[in-house]
Amino acid sequence: AQSVTQPDIHITVSEGASLELRCNYSYGATPYLFWYVQSPGQGLQLLLKYFSGDTLVQGIKGFEAEFKRSQSSFNLRKPSVHWSDAAEYFCAVGLFDRGSTLGRLYFGRGTQLTVWP
Amino acid sequence: DAGVIQSPRHEVTEMGQEVTLRCKPISGHNSLFWYRQTMMRGLELLIYFNNNVPIDDSGMPEDRFSAKMPNASFSTLKIQPSEPRDSAVYFCASTKRGGGTGTDTQYFGPGTRLTVL
């Protein structure tokens, strides 16, 4: 069965410090992988996605993620965190439905990021 | 683009009452998803539609929940009768299928926060 694990429930970093949020997935085939961010009271905004090709994916707001098949991981990174990055971050794996197009997403439980000034 | 529109943004009701949540997907999108977010279970898919047809409703908790998509620009999620354990944030998301591998991205609405007393 497919699943997504985000081991860190809450992470605190200082502004300007680097950030890495961990994500591990369990899926029998080549996964479609996503990172979303959710600010308080808001919906989810897509940061980046991986479908195939280059395993280092660039996203919005200076985020990047690296797909490592051998480790079943898709960790999110940012070299220098800004106070506005404080939010909850969700990793997700997407499944294909009939027709080989993207269907449902399975989400991790999220990582809450706090940024100290 | 207006994005995915959900209404109401907040709903407070009493146990036993009927609740209807509404969603307008992004124009031109042909897949629509209903998710529920709770502290206990995180983000989970309830149901999704392709071209107004329900494809996967395995996440619908029980018969009290029903969803319809009468046309490409409108969907409802109904709970009747509502119970306190239905309290959650309900998200609607939409995507455009068939744009080729790697183009399917789910865009989320702001959510409806439901409180059942």
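These numbers come from a predicted model, not from an experiment.

Visitor: Explain the interface of chain B and chain A to me, using residue names and the numbers behind them.
Guide: Across the contact, 27 residues belong to chain B and 21 residues belong to chain A. Considering only the side of chain B, the residues that lose the most area to chain A are L43(B), D104(B) and F108(B), jointly responsible for 26% of the buried surface there. Its salt-bridge partner being R104(A), residue D56(B) comes within 2.8 Å of it at the nearest N-O pair. Mapped by element, the contributors of at least two residues to the side of chain B that touches chain A are β4 (31-38) and β5 (42-50) of chain B. Sorting elements by how many residues they give to the side of chain B that touches chain A places β5(B) first, with five residues. Residues belonging to the side of chain B that touches chain A are distributed by class as follows: ten nonpolar, twelve polar and five charged.

Visitor: Just give me the short version of the side chain of E44(B), but keep the residues and values in it.
Guide: All names here are of chain B. In this structure, E44 sits in strand β5. Using a relative accessible area of 14% as the deciding quantity, one classes E44 as buried. Here R41 takes part through its side chain, which lies 2.9 Å from a polar atom of the side chain of E44. For E44, the residues in contact, after removing those within four places along its chain, are W34, Y35 and R36.

Visitor: Break down the sheet that holds strand β8 (residues 74-79) of chain B for me, with residues and values.
Guide: Residues and elements named next belong to chain B. Taken together, the four strands give an open sheet; going across it, the order is β1-β3-β8-β7, and neighbouring strands pair in antiparallel fashion. The open sheet is flanked by β1 (5-7) and β7 (65-71), the only strands paired with a single partner. Neighbour to neighbour, the strand axes of the sheet diverge by 15° on average, direction disregarded. Relative to β8, strand β3 (residues 19-24) is paired through five bridges, and the arrangement is antiparallel. Of the residues in β8, the one forming a bridge with C23 is S75.

Visitor: Which residues make up the packing of aromatic side chains, and what values go with them?
Guide: Within this structure, the stated rule accounts for 16 aromatic pairs over all chains. Plain terms: the ring middles of F107(A) and Y35(B) are 5.6 Å apart, the flat faces sit at 85° to each other, and that makes the pair edge-to-face. One end of the pair, F107(A), is in strand β11 (residues 101-107); the other, Y35(B), is in strand β4, on a second chain. Here the aromatic residues Y32(A), F34(A), Y36(A), F51(A), F90(A), F107(A), F33(B), Y35(B), Y48(B), F91(B) and F108(B) are joined through ring pairs into a cluster of three or more.

Calculation rules
Residues numbered from 1 in each chain as written. Chains lettered and ligands numbered in written order. Predicted model: local features only at pLDDT ≥ 70, side-chain atom pairs only at ≥ 80, totals over all residues. Heavy atoms only, no water. Contact = heavy atoms within 4.5 Å. Buried area = accessible area lost by both parts, 1.4 Å probe. Salt bridge = Lys/Arg side-chain N within 4 Å of Asp/Glu carboxyl O. Helix = DSSP H or I, 4+ residues; strand = E, 2+ residues; numbered from the N terminus. Nonpolar A, V, L, I, M, F, W, Y, C, P; charged D, E, K, R; others polar. Buried < 20%, exposed > 50% of the residue type's maximum accessible area, 1.4 Å probe, protein only. Polar contact = N/O pair within 3.5 Å; in protein donor to acceptor, adjacent residues only side chain to side chain. Pairing = 2+ DSSP bridges. Axes fitted to C-alpha atoms, helices over the stretch in contact; angles between N-to-C directions. Phe/Tyr/Trp six-rings, centres within 6.5 Å; stacked < 30°, edge-to-face > 60°.

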